[in-house]
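The chain contents come next:
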Amino acid sequence: MSASPPSVPAPLGLLAELTHRCPLGCPYCSNPLELDTRAGELPADDWKRVFSQASAMGVLQVHLSGGEPAARRDLPDLVAHCAAEGLYTNLITSGVGLSEPMLKALYDAGLDHVQLSIQDSEPDSADVIAGYKGAFRVKQEVARRVVEAGFPLTINAVMHRANIARASAMVDLALAWGARRVEIAHAQYYGWAIPNRAMLMPDRAEAEAAIAAVERQREALAGQIVIDHVLPDYYANRPKACMGGWGRRSLNVTPSGKVLPCHAAESIPGLEFWTVREHSLEAIWRDAPAFNAFRGTDWMKEPCRTCDRREVDFGGCRCQALMIAGDARDADPVCHLSPVHRRMADLAAEGLSTPETAYTYRAMKKLTPA
């Protein structure tokens, strides 16, 4: 493990997973397979202490997530505390459970932004993907209320085999619903997406067609809506800088108070994670072994160690390196220089050769994919 750099810049963002409770069962859910229980969730006073510490460190944005954060009745109180600390708050929600009274309370508390997930532009398909009948209708109504209340709205849509042909339609839907921003994010294969990979994986032609369509919209709709486009790893040749680089820009607090350098970091065995129940947020950011495990470049092996992009992509995703290459210190297999780069295409092909069956949902519901 490499030592902490002499000076670690303050994080810009904090992802606060207030709860793992969620009404949906999305087959690509990136939350860990073993969820934190309701009984183990941090109480409001602990979250407030975390938010105050984040503000003192220089954090600018807090993303209130889950699960479904609206499952916590104290959500408006937490938002009000963030507002008092000068933190910009973004609510990441499925919309299901976000009632009109709750939305008004959040507005009065000072919530700054709402990010609403959708599963498809076609209602029946959207409901099947979410594992929740009527989800699309609920989301449409929530989007209307959010915009009418005066919140900036972002729509987030995860792309996979069942909906990728309608990637551009989802941009159009976001625009029609009054969103100022839309994120088209191709599925990342962590957490619950792994057992569903065979059902979720599009083929290369489908992915490339969707990418081209969304990029055309980015140009055509400039000035009307901002389009963020997260490209698919399994058909790429260069890795992304995961989280902007391990322990460089953001941190993630789980419902039970464990602090992670990235959402999926618990999948890497041997890392020591500290909790906000025992340490201050600043001490965790600066000194926790998990945060310093892959910070900077000293930990890198070849080909990353001498690559001229090592401080651009920081070796890519550590979780994906472990999962596919077998060592969290290896190059992300997305990179064309990785000795196991070909394995990405092989895994994609394995999925495409698997007959369609039913999704495996979080709640173990069984519906036939659209």
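The following refers to the structure shown. (Residues numbered from 1 in each chain as written. Predicted model: local features only at pLDDT ≥ 70, side-chain atom pairs only at ≥ 80, totals over all residues. Heavy atoms only, no water.)

## Here we look at the overall build of the chain
Quick reminder of the rule: Note on conventions: DSSP H or I runs of at least 4 residues are helices, E runs of at least 2 residues are strands, and numbering of each starts at the N terminus. Atoms considered for the radius of gyration are the C-alpha atoms alone. The globule rule reads 2.2 Å times the number of residues to the power 0.38. Only protein chains enter the calculation, and the probe is 1.4 Å; a residue is then buried if its accessible area is under 20% of its type maximum, exposed if over 50%, and partly exposed in between. Values of accessible area rely on a 1.4 Å probe in the Shrake-Rupley scheme; residue burial ignores everything except the protein chains shown.
Regarding its fold elements, the chain presents 12 helices and 9 strands. Taking 370 residues into account, the globule formula puts the C-alpha radius of gyration at 21 Å, and the chain, at 20 Å, falls close to it. Based on the C-alpha atoms only, the size of the chain along its principal axes is roughly 55 × 50 × 40 Å. Relative to its 370 residues, the chain shows a buried fraction of 53%. A total of about 15800 Å² of accessible surface is found on the chain, and carbon and sulfur atoms cover 52% of it.

## Some thoughts on the sheet that holds strand β1 (residues 13–17)
The cut-off we apply is this: Criterion used throughout: strands pair if DSSP finds at least two bridges between them. Note on contacts: a residue pair qualifies if any of its non-hydrogen atoms lie within 4.5 Å across the two residues. To get an axis, a line is fitted to the C-alpha atoms, and for a helix only the part in contact is used. The angle between two axes follows their N-to-C directions and goes from 0 to 180 degrees.
Strand order in the open sheet formed by 9 strands is β7-β6-β5-β4-β3-β2-β1-β8-β9, and the pairing between neighbours is mixed. The open sheet terminates on both sides in strands that have one partner only, identified here as β7 (226–230) and β9 (259–260). Taken together, the 5 bridges between strand β6 (residues 181–186) and β7 define a ladder with parallel strand orientation. Looking across to β7, one finds that I184 is bridged to H229. Lying on the sheet, helix α6 (residues 167–176) is in contact with β4 (113–118), β5 (153–159), β6 and β7; it crosses β6 at an angle near 160°.

## Looking at unusual backbone geometry
For residues that are not glycine, phi is negative in most cases, and the peptide bond is trans in most cases. Between G66 and the following residue, G67, the backbone shows a cis peptide bond with an omega angle of 10°. Positionally, G67 belongs in the loop between β2 (61–65) and α2 (75–84). The phi angle at M243 is positive, at roughly 60°, despite the residue not being glycine. By secondary structure assignment, the location of M243 is in the loop between β7 and β8 (250–253). One non-glycine residue, F314, lies in positive phi territory at about 50°. Mapped onto the secondary structure, F314 falls in the loop between α10 (289–292) and α11 (318–325). Judged by relative accessible area, which is 12%, F314 ranks as buried.

## A closer look at the packing of α2 against helix α3 (residues 100–109)
Basically, it comes down to this: Just so you know how the angles are binned, under 35 degrees is roughly parallel, over 145 roughly antiparallel, 65 to 115 roughly perpendicular, and the rest oblique. By convention the crossing between two helices is left-handed if the near helix lies anticlockwise of the far one by an angle smaller than a right angle, and right-handed if it lies clockwise. For this classification, the nonpolar set comprises Ala, Val, Leu, Ile, Met, Phe, Trp, Tyr, Cys and Pro, the charged set comprises Asp, Glu, Lys and Arg, and every other residue, Gly included, is treated as polar.
One way to put it is that α2 packs onto α3 with a least axis distance of 8 Å and a crossing angle of 15°. On the basis of the axis angle, α2 is roughly parallel to α3. Along this stretch, α2 crosses α3, giving a crossing that reads as right-handed. Side by side, α2 and α3 meet where L75, P76, V79, A80 and A83 of the first sit next to M102, A105, L106 and A109 of the second. Residue classes in the contact of α2 with α3 are distributed as 9 nonpolar, no polar and no charged.

## Section: the side chain of S94
With respect to the helices, strands and loops of the structure, S94 is situated in the loop between β3 (88–93) and α3. The class of S94 is buried, set by a relative accessible area of 6%. Ignoring any residue separated from it by four or fewer positions in sequence, one finds S94 in contact with P23, L24, E68, L116, S117 and K139.

## Structural notes on the state of the cysteines
Here is the rule we go by: We call a pair of cysteine sulfur atoms a disulfide when they lie within 2.5 Å.
According to the stated counting rule, one finds 0 disulfides in the structure shown. Summary of cysteine pairing: C26 is not part of a disulfide, and the nearest cysteine sulfur, belonging to C22, is at 6.5 Å. Residue classification places C26 among the buried positions, given a relative accessible area of 12%. No disulfide involves C335; its sulfur sits 6.2 Å from that of C307, the nearest cysteine. Since its relative accessible area comes to 12%, C335 is described here as buried.

## What about the environment of G13?
Structurally, the position occupied by G13 is in strand β1. Spatially, the C-alpha atom of G13 lies 8.7 Å from that of N252, the residues being 239 residues apart in sequence. Once residues lying within four places of it in the same chain are set aside, the contact partners of G13 are V59, Q61, R249, S250 and L251.

## Quick notes on α3
We count it as follows: Arc definition: directions from the helix axis to the C-beta atoms.
Residues M102, L103, L106 and A109 constitute the buried set of α3. Buried residues of α3, viewed axially, fall in a sector of 120°; they line one side. Relative to its buried face, α3 has exposed residues pointing more than 90 degrees away, namely E100, P101, K104 and D108. Residues of α3 that are buried make contact with α2, β3 and α5 (135–149). After α3 finishes, the residue G110 shows a positive phi value of roughly 105°.

## Concerning the side chain of T154
Mapped onto the elements of the fold, T154 is located in strand β5. According to the relative accessible area criterion, T154 is buried, its value standing at 4%. In contact with T154, other than residues within four places in its own chain, are H113, V114, Q115, L116 and R181.

## Focus on the pattern of salt bridges
So the rule is basically this: Salt-bridge detection follows one rule: a side-chain nitrogen of Lys or Arg within 4 Å of a carboxyl oxygen of Asp or Glu.
Taken as a whole and assessed by the stated rule, the structure comprises 23 salt bridges. One salt bridge in this structure joins D108 and K104, with 2.9 Å as the shortest N-O distance. Pair noted here: D108 and K104 are both in helix α3, with a separation of 4 residues, about one helical turn. In this pair, the class of D108 matches that of K104, namely exposed. A salt bridge links R166 to D120; the nearest nitrogen and oxygen atoms lie 2.6 Å apart. Here R166 is found in the loop between β5 and α6, whereas its partner D120 is found in the loop between β4 and α4 (123–130), with 46 residues between them in sequence. Each member of the pair, R166 together with D120, is buried.

Treat this as a map of the structure, not an account of what it does.
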